[in-house]
Amino acid sequence: MSRSSPDNAPGTAPRAGRARTLRFAAFAVLLGIAGYAVTQYVTSSSGPPRCVIRADGEDAEDYEIEPQQASNAATITAVASQRKLPERAVTIALATAMQESALRNIEHGDRDSVGLFQQRPSQGWGTEAQILDPVYATGKFYDHLVEIPGYSRLPLTVAAQRVQRSGFPQAYAKHEANASLLTAALTGRRGAAFTCTTGQEGQPVKAGDPAKVRERLEREFGSDVLASGDGDGTALGTGGGSGRRSKPTAEVLLPAQPQQRGWELAHWSVAHASELGIAEVSYRNRVWSSARSEEGWRTTEDGGSGNTVSIRLSTGNEER
């Protein structure tokens, strides 16, 4: 005689059915929670930090990069500004760095290649330590670029190849559109077109040092970037737009005329905000703040209406 299995015992089937129903209900709840979490991660400032370059035109697509990439792109643009090079030089340099390193200052590459442009110490570009300095590496790229007769009128792939001597010269072409978009924003030609988010809300903002900000500005843009500003380039402010400060913050003021120069400096400041502890940037009644970075550039009455870019630094007590 066969024995009855436990599932066939009197009263077992209903209990098993209820158990399955409860498990299904619990699974559905977990799926709902997971879906909500993903939605919040994507649509709120709890997502990863990112920088967005707004495209111009209804059918054009925005370009999104990581803060690390944005910081390097802003440095490449600033060095060109210091040398008074045309926008075409910036676009060529950005497209080259996009192809060579994805705008990351990497310590490896083909043979002894390193850095943003994958320059090789053995080929006379400098020491490895020098090439891993984005300002130095960018300067060396421009040194070679400006020696090419009529480089600004050449196809981008031709100009880049004459500097880089790459084994895949046509690869630079695929980056030209995004490089042009970045150039228009980071040179300030398109105001309020570049913005970054700072990551999870409730996390403290790194404390900023005015001296370090001034040093970076002068090294990348040149010693006259603070000229006719507020003397030593710093002031003490109590800070306006974020609404989350309880203590005064140091403020670096930058003269910005014409307007394109102002947006160039403002966008540079946002690109370097995370690493330099910048809590807020304001220019011409527009303000970007780390605390409300998901909102991008906001219109505000106290965002500065003159020819000065205001960079307010974090004390380390603010929250994003």
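First, a word on what this report is: a plain description of the structure on this page. (Residues numbered from 1 in each chain as written. Predicted model: local features only at pLDDT ≥ 70, side-chain atom pairs only at ≥ 80, totals over all residues. Heavy atoms only, no water.)

### Let's talk about the overall build of the protein
Moving on, step 1. Secondary structure summary: the protein contains ten helices and nine strands in total.
Moving on, step 2. Expressed as a percentage of its 320 residues, the buried residues of the protein come to 48%.
Moving on, step 3. Relative to all contacts within the protein whose residues are 6 or more apart in sequence, the contacts with residues 24 or more apart total 64%.
Moving on, step 4. Surface summary for the protein: the accessible area is close to 16000 Å², and the carbon and sulfur share equals 50%. (Helix = DSSP H or I, 4+ residues; strand = E, 2+ residues; numbered from the N terminus. Buried < 20%, exposed > 50% of the residue type's maximum accessible area, 1.4 Å probe, protein only. Contact = heavy atoms within 4.5 Å. Areas by Shrake-Rupley, 256 points an atom, 1.4 Å probe, with all protein chains shown as cover.)

### Some words on the packing of aromatic side chains
Moving on, step 1. Counting across every chain of the model gives five aromatic pairs.
Moving on, step 2. Consider the rings of Phe-221 and Trp-268, whose centres lie 5.9 Å apart with planes at 70°: the pair is edge-to-face. With Phe-221 in helix H8 (residues 210–221) and Trp-268 in helix H9 (residues 259–271), this residue pair connects regions lying 47 residues apart in the sequence. Of the two residues, Phe-221 and Trp-268, neither departs from the other in class, the shared state being buried.
Moving on, step 3. Aromatic pair Trp-263 and Trp-297: ring centres 5.0 Å apart, planes at 85°, arrangement edge-to-face. Linking Trp-263 in helix H9 with Trp-297 in the loop between strand S7 (286–289) and strand S8 (298–299), this pair joins segments that are 34 residues apart in sequence. Of the two residues examined, Trp-263 and Trp-297, each falls in the buried class.
Moving on, step 4. Among the aromatic residues, ring-to-ring pairing joins Phe-117, Phe-141 and Tyr-142 into one connected group. (Phe/Tyr/Trp six-rings, centres within 6.5 Å; stacked < 30°, edge-to-face > 60°.)

### Here we look at the state of the cysteines
Moving on, step 1. All told, the structure shown has one disulfide when counted by the stated rule.
Moving on, step 2. Cys-51 shares a disulfide with Cys-196; S-S distance 2.0 Å. Between Cys-51 and Cys-196, the disulfide has an S-S torsion of 105° and is therefore right-handed. Taken together, the residues Cys-51 in strand S1 (residues 50–53) and Cys-196 in strand S3 (residues 194–197) connect sequence positions 145 residues apart. (Disulfide = S-S within 2.5 Å.)

### A word on the sheet that holds S1
Backbone-to-backbone hydrogen bonds join strands into a sheet, with any given pair of strands oriented parallel or antiparallel.
Moving on, step 1. Spatially, three strands are ordered S2-S1-S3 in an open sheet, and the strand pairing comes out antiparallel. A single partner strand is all that each edge strand has here, and the edge strands are strand S2 (63–65) and S3. Between one strand axis and the next, the sheet turns through 20° on average, direction left out of account.
Moving on, step 2. Looking at chain direction, S1 and S2 are connected through three bridges and run antiparallel. Paired with Val-52 across the two strands is Glu-64, which belongs to S2. (Pairing = 2+ DSSP bridges. Axes fitted to C-alpha atoms, helices over the stretch in contact; angles between N-to-C directions.)

### Quick notes on the pattern of salt bridges
Moving on, step 1. Under the counting rule described, the total for this entry stands at 15 salt bridges.
Moving on, step 2. When the shortest N-O distance is used, the salt bridge between Arg-104 and Glu-66 registers 2.9 Å. Separated by 38 residues along the polypeptide, Arg-104 in the loop between helix H3 (87–101) and helix H4 (128–131) and Glu-66 in the loop between S2 and helix H2 (67–82) bring together distant segments of the chain.
Moving on, step 3. Take Arg-104: its relative accessible area is 23%, and that puts it in the partly exposed class.
Moving on, step 4. Across the salt bridge formed by Glu-220 and Arg-216, the nearest N and O atoms sit 3.2 Å from each other. (Salt bridge = Lys/Arg side-chain N within 4 Å of Asp/Glu carboxyl O.)

### Notes on the packing of H8 against H9
Moving on, step 1. Across the interface, H8 lies against H9 with an axial gap of 12 Å and an inter-helix angle of 125°. Between H8 and H9, the angle is such that the two are oblique. Seen from above, H8 lies across H9 with right-handed handedness. Contact with H8, carried on its side by Arg-216, Leu-217, Glu-220 and Phe-221, involves Arg-261, Glu-264, Leu-265 and Trp-268 of H9 and no other residues of that element.
Moving on, step 2. Taken together, the residues that form the contact of H8 with H9 break down as four nonpolar, no polar and four charged. (Parallel < 35°, antiparallel > 145°, perpendicular 65-115°, else oblique. Left-handed = near helix turned anticlockwise from the far one by under 90°. Nonpolar A, V, L, I, M, F, W, Y, C, P; charged D, E, K, R; others polar.)

### Focus on the environment of Gly-191
Moving on, step 1. Mapped onto the fold, Gly-191 is located in the loop between helix H7 (176–186) and S3.
Moving on, step 2. Apart from residues no more than four positions distant in its own chain, Gly-191 is found in contact with Trp-263 and His-267.

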